[in-house]
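Geometric and topological summary
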Amino acid sequence: MALTLLTDATYHRVPVAPDVHLNVAVAGSGPAVVLLHGFPQTHLMWRHVAVDLAKDHTVICPDLRGYGASDKPAEEDGGTYSKRTMAADVVMAARFFGHDRFALAGHDRGALVALRAGLDHPKTVTHLLALDVLPTLDMWEILRGADAKVAWHLYLMAQSPGIPEPMIEATADSFFASFLDGWVNNPESITAEYRNEYLRASREAVWSIVADYRASAGIDISHDRADRNAGRTLDMPVTVMQQDWGAALGYDAASLWGAWAPALKHMTLNTGHFMAEENPMAVITAMRELMDR
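A short tour of the structure in this document, coming up. (Residues numbered from 1 in each chain as written. Predicted model: local features only at pLDDT ≥ 70, side-chain atom pairs only at ≥ 80, totals over all residues. Heavy atoms only, no water.)

Brief notes about the environment of Tyr-251
Definition in use: Going along the chain from the N terminus, every DSSP run of H or I of four or more residues is numbered as a helix, and every run of E of two or more is numbered as a strand. Think of it in three bands: with a 1.4 Å probe and only protein chains considered, a residue is buried below 20% of the maximum accessible area for its type, exposed above 50%, and partly exposed in between.
Assignment of secondary structure puts Tyr-251 in the loop between α11 (245-249) and α12 (253-260). Judged by its relative accessible area of 14%, Tyr-251 is buried. Counting along the chain gives 142 residues from Tyr-251 to Arg-109, while the straight-line C-alpha distance between them is 20 Å.

Take a look at the structure:
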């Protein structure tokens, strides 16, 4: 039996762009909260958080374009998988369910999409929660020297089309498992059935996943730099939850995020990367506190 977000969630194929549909799970009722997954996962990573938020909110959980059961359009240029394009997908998906304004949470890649949605659609995104990521421009600027080897996959997937994809396809399960297993502090938080589902979904989406990462080494940097130069910021309440990567790589994460988000609450967690699964109560509490601001 296929895994689902919640037993009472309904699933929809939502048109968000010409010839592009997202797989979207919806549960609950009330003000909308949109939850965006990270790499190498699908919307299922929000299962613990969604069950709580659905008590008094409409919870909207898409698979991002290129991931899970969502469409995987061919990479025509950098814009196909730019965070700007993916953010527009999310806005269209929420609008499909009648929500022109919503709170937004994102993990990892989904957090980069959420950041772009907040910058591009400030009247739509009311609150923003980002889990364990830095804004794209800042991320590239702090990766220096031998310490940058922790982000080796970013450099691999930034290469020209046709170079990284066959390399990853040749060892797909080992490649994606290295992140699921290496970035988690509590392996029991991702049970075998979910781990296998993440591996299956990623194995079937190598080219689009690489295109997503390639965009973050190109067009996404340009978009972030343009916003920085123009002084654009996230003017909604923002909460960021991260591991203490700054201690290892020598940067002040709260300061970097603060330049983008004047109304920032920054939190450092003693947990692994997959905090919505490893410590869902902390994420739920942070999201509810954020929406009260």
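Right, picking up where we left off after that structure.
Focus on empty space enclosed by the protein
The cut-off we apply is this: Residues are called lining when one of their atoms sits within 4 Å of a cavity or pocket point, these points coming from a 1 Å grid over the protein atoms alone, where a cavity is a set in which a 1.4 Å probe fits but cannot get out and a pocket is an open set with protein on both sides within 12 Å along at least five of seven lines. Grid points are joined across faces, edges and corners, and a volume is the space filled by probe spheres set on the points. Throughout this entry, Asp, Glu, Lys and Arg are counted as charged residues, while Ala, Val, Leu, Ile, Met, Phe, Trp, Tyr, Cys and Pro are counted as nonpolar. The remaining residues, Gly among them, count as polar.
Per the stated rule, a full pass over the model turns up two cavities of 30 Å³ or more. The calculated volume of the largest cavity comes to roughly 410 Å³. Residue lining of the largest cavity: 21 residues in total, with Asp-132, Met-139, His-153, Leu-154 and Trp-245 positioned closest to the centre. Where the lining of the largest cavity is concerned, the elements lending two or more residues are α3 (109-120), α4 (136-142), α5 (152-157) and α11. Per-class residue counts for the lining of the largest cavity are 14 nonpolar, four polar and three charged.

Concerning the sheet that holds strand β6 (residues 125-131)
The cut-off we apply is this: Pairing between strands requires that DSSP locate at least two bridges from one strand to the other. All axes here are fitted lines through C-alpha atoms, helices being fitted over the stretch that makes contact, and every angle between N-to-C directions spans 0 to 180 degrees. Here, two residues are considered to be in contact whenever any of their heavy atoms come within 4.5 Å of each other.
Read across the open sheet, the eight strands follow the order β1-β2-β4-β3-β5-β6-β7-β8; overall the sheet is mixed. Looking along the sheet, the strands with just one partner apiece sit at the ends: β1 (10-17) and β8 (264-268). Recorded for the sheet is a direction-independent mean angle of 20° between the axes of neighbouring strands. Where strand β7 (residues 238-242) and β8 come together, five bridges link them in parallel fashion. Bridge pairing in β8 links Gln-242 to Thr-268. Sitting on the sheet, helix α2 (residues 83-96) is in contact with β1, β2 (20-27), β3 (32-36), β4 (58-62) and β5 (102-107), with an inclination near 125° to β1. Contacting β3, β5 and β6, α3 runs over the sheet at an angle of about 145° to β5.

Examining the nonpolar core
Short version of the rule: Working definition of a nonpolar core: buried Ala, Val, Leu, Ile, Met, Phe, Trp, Tyr and Cys residues. They are joined through side-chain atoms within 4.5 Å.
One finds Leu-35 and Trp-46 to be the most contacted residues of the largest nonpolar core, which totals 103 residues. Sorting elements by how many residues they give to this core places α3 first, with seven residues. With near-sequence residues (within four places) excluded, Leu-35 lies in contact with Trp-46, Val-49, Ala-50, Leu-53, Val-59, Ile-60, Cys-61, Pro-62 and Ala-105.

Overview of the pattern of salt bridges
To keep it simple, the criterion reads: The rule for a salt bridge is simple: a side-chain nitrogen of Lys or Arg has to be within 4 Å of a carboxyl oxygen of Asp or Glu.
Counted according to the given criterion, the structure contains 24 salt bridges. A salt bridge links Asp-173 to Arg-203, with the nearest nitrogen and oxygen atoms 2.8 Å apart. Placement of Asp-173 in helix α7 (residues 172-182) and of Arg-203 in helix α8 (residues 192-203) is noted, with a sequence separation of 30 residues between them. By relative accessible area, Arg-203 is classed as partly exposed at 39%. Residue Arg-200 pairs with Glu-204 through a salt bridge whose shortest N-O separation is 2.8 Å. By relative accessible area, Arg-200 is classed as partly exposed at 31%. One continuous salt-bridge network, built from bridges that share partners, spans Arg-84, Arg-116, Asp-120, Asp-224, Asp-227 and Arg-232.

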